[in-house]
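Chain by chain, the residues:
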Amino acid sequence: MSLSPFAQHGFSVRLEWGLAAIERLGPDADCIVVVDVMSFSTCVSIAVDRGAIVHPYPWKDESAQRYAEARGAEVASGRQRFAQGWSLSPQSMLAAHQGLRLVLPPPNGSACAYRAKALGKAVYCAGLRNLRATAAACAPHARVLVVPCGERWPGDAGLRPSLEDHVAAGGIVSALGRADASPEARAAALAYEGLGAQRARVLAECGSAVELRERGFADDVALCLQEDASRIACRLEGDRFVAEPQG
């Protein structure tokens, strides 16, 4: 089947979900924004704010350790309630420091970022906490693809579109302020704008937030929902995310 009906041609800001968006719409973009609020994007933002370098990696297996060793990096563990050291809990990233190198191997945002780097485009990682900083970094690019990564259904039964990623992606579209955003991008922007002052309260009750709280990560939810807490965009340079401060 032809991709053309779904490629959002003719629009300077486009939005589509997950790894398939990277693979199918990414080649026609100048800039790709990976959005995985709970919690990859938030972990990256907090760590990079503190001077760390973060390497995305798409697999949670022994190859992640080899990948990290080749880069003089440590591997963050999967999110575990009583995990020690670095993990996919944004709370653990509050201890990140200048010069720290970390490999983050969650399956959604990290896999999308890892795939996007092969396309030779400008690639950014964004959540709510660096939303406007990311939009400012993307503004010079003619064609911007915003990719809400979503989550996985239990049992890995495919992509679960997540409200927090949809709304944050819409916030980036809204902040870009372009009249020629695609219908998919405009709908997300309307969701972001429509929630207004209730945004954090509503997102705190969405499925992803409830799941985290039930697993003992209420503090992570609060960190993930801090909007514009950072003025630093996280840009993928080679195989690592680095800081790109904005005014």
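Quick caveat: nothing in here was measured; it's all calculated off a predicted structure. (Residues numbered from 1 in each chain as written. Predicted model: local features only at pLDDT ≥ 70, side-chain atom pairs only at ≥ 80, totals over all residues. Heavy atoms only, no water.)

Draft legend 1. Molecular detail of the packing of aromatic side chains. Under the definition given, this model contains 6 aromatic pairs. Summarising the aromatic geometry, the rings of Tyr 57 and Trp 59 are spaced 5.4 Å apart at their centres and angled 80° between planes, so their arrangement reads as edge-to-face. Given the relative accessible area of 6%, Tyr 57 is considered buried. Trp 59 sits in the partly exposed class, given a relative accessible area of 44%. When the ring of Trp 59 is compared with that of Tyr 114, the centres are 6.0 Å apart and the planes differ by 65°; the resulting orientation is edge-to-face. Taken together, the residues span a long stretch of sequence, with Trp 59 in the loop between β3 (53-56) and α3 (62-69) and Tyr 114 in helix α4 (residues 109-116) at a distance of 55 residues. (Phe/Tyr/Trp six-rings, centres within 6.5 Å; stacked < 30°, edge-to-face > 60°. Buried < 20%, exposed > 50% of the residue type's maximum accessible area, 1.4 Å probe, protein only. Helix = DSSP H or I, 4+ residues; strand = E, 2+ residues; numbered from the N terminus.)

Draft legend 2. Up close: the pairing of β3. Residues Ile 53 and His 55 of β3 are buried on one face, and the alternating residues Val 54 and Pro 56, pointing to the opposite face, are buried as well. In the sheet, β3 pairs with strand β5 (residues 101-104) via 4 bridges, with the strands oriented parallel. Looking at the pairing, Pro 56 lines up with Leu 104 of β5. (Pairing = 2+ DSSP bridges.)

Draft legend 3. Quick peek at α3. Turning to α3, its buried residues number three or more, namely Ser 63, Ala 64, Tyr 67 and Ala 68. For α3, the angular spread of buried residues about the axis comes to 140°, placing them on one side. Projecting away from the buried face of α3 at angles above 90 degrees are the exposed residues Glu 62, Arg 66 and Glu 69. Elements in contact with the buried residues of α3: β3, β4 (74-75), β5 and α4. (Arc of directions from axis to C-beta. Contact = heavy atoms within 4.5 Å.)

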